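Observations on the model geometry
This is what each chain is made of:
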Amino acid sequence: MERINYFIKHINLIGQIKDSFEEKIEKLIHLAPESKEINVDLKYHPVRAKEESTQLEVCLIMTKRKIMASAMASNILEAADIVVAKIKKQLEKNKQKREVKKKITRRVIRESKSI
């Protein structure tokens, strides 16, 4: 069962921004259905108010691995888009690696049976 833990510092999420942010983070559940837990760390840096002031870190905890991504952006939704794209890319790479390992394992098994 998936759990999303939010750790939010120096930001109040309200209204449509909160709903949109949570919707973007919940996309991760659909990208990685085998995930056990998702930790979301969202911080606002008031010193950097003129530039990229929102920092978002997401840790996707799965059965055998952990996938992390972070982004700095000028607003919350932009940071969420960047992080979701990074995690999606990492998940695709991991899927390709698993498929290659399966093919190699199958080939080794077939070769050992034929000998």
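Now for a description of the structure that goes with this document. (Residues numbered from 1 in each chain as written. Predicted model: local features only at pLDDT ≥ 70, side-chain atom pairs only at ≥ 80, totals over all residues. Heavy atoms only, no water.)

Concerning the sheet that holds strand β4 (residues 66-73)
To keep things clear, this is the line we draw: In this analysis, strands are considered paired if DSSP registers two or more bridges between them. Secondary structure elements follow DSSP: runs of H or I of four or more residues count as helices, runs of E of two or more count as strands, with numbering from the N terminus. Lines are fitted to the C-alpha atoms to define the axes, a helix being fitted only along its stretch in contact, and any angle between axes, read from their N-to-C directions, falls within 0 to 180 degrees. Contact criterion: two residues are considered in contact whenever any of their non-hydrogen atoms come within 4.5 Å of each other.
Strand order across the open sheet formed by four strands is β1-β2-β3-β4, with mixed pairing between neighbours. Each having just a single partner strand, β1 (3-9) and β4 make up the two edges of the open sheet. Strand-to-strand twist in this sheet, taken as the mean axis angle between neighbours without regard to direction, amounts to 10°. Of the strand pairs in this sheet, strand β3 (residues 54-61) and β4 are connected by eight bridges, and their pairing is antiparallel. Bridging across to β4, leucine 56 finds its partner in alanine 71. Its contacts with the sheet put helix α1 (residues 15-31) on β1, β2 (37-44) and β3, and the angle it makes with β1 is roughly 140°. Of the strands in this sheet, β2, β3 and β4 touch helix α2 (residues 76-114), which is tilted by about 150° from β4.

Overview of the environment of lysine 36
Our working definition: The buried label goes to any residue with under 20% of its type's maximum accessible area, the exposed label to any with over 50%, and the partly exposed label to all in between, with areas taken from a 1.4 Å probe on protein chains only.
Relative to the helices and strands, lysine 36 resides in the loop between α1 and β2. Using a relative accessible area of 48% as the deciding quantity, one classes lysine 36 as partly exposed. Placed 21 residues apart in sequence, lysine 36 and glutamate 57 show a C-alpha to C-alpha distance of 17 Å.

Some details on the packing of α1 against α2
As a reminder, the rule being used: Oblique is the label for any angle not under 35 degrees, not over 145, and not in the 65 to 115 range, which are roughly parallel, roughly antiparallel and roughly perpendicular in turn. Side-chain classes are defined by residue name, with Ala, Val, Leu, Ile, Met, Phe, Trp, Tyr, Cys and Pro counting as nonpolar, Asp, Glu, Lys and Arg as charged, and the others, Gly among them, as polar.
In contact at an axis separation of 10 Å, α1 and α2 are set at 0° when each is read in the N-to-C sense. The angle between α1 and α2 falls in the class roughly parallel. In this structure, α1 uses Ile17, Ser20, Phe21, Lys24, Leu28 and Leu31 to contact α2, whose residues at the interface are Ile76, Leu77, Ala80, Asp81, Val84, Ile87, Lys88 and Leu91. Here the contact of α1 with α2 is built from residues that sort into 10 nonpolar, one polar and three charged.

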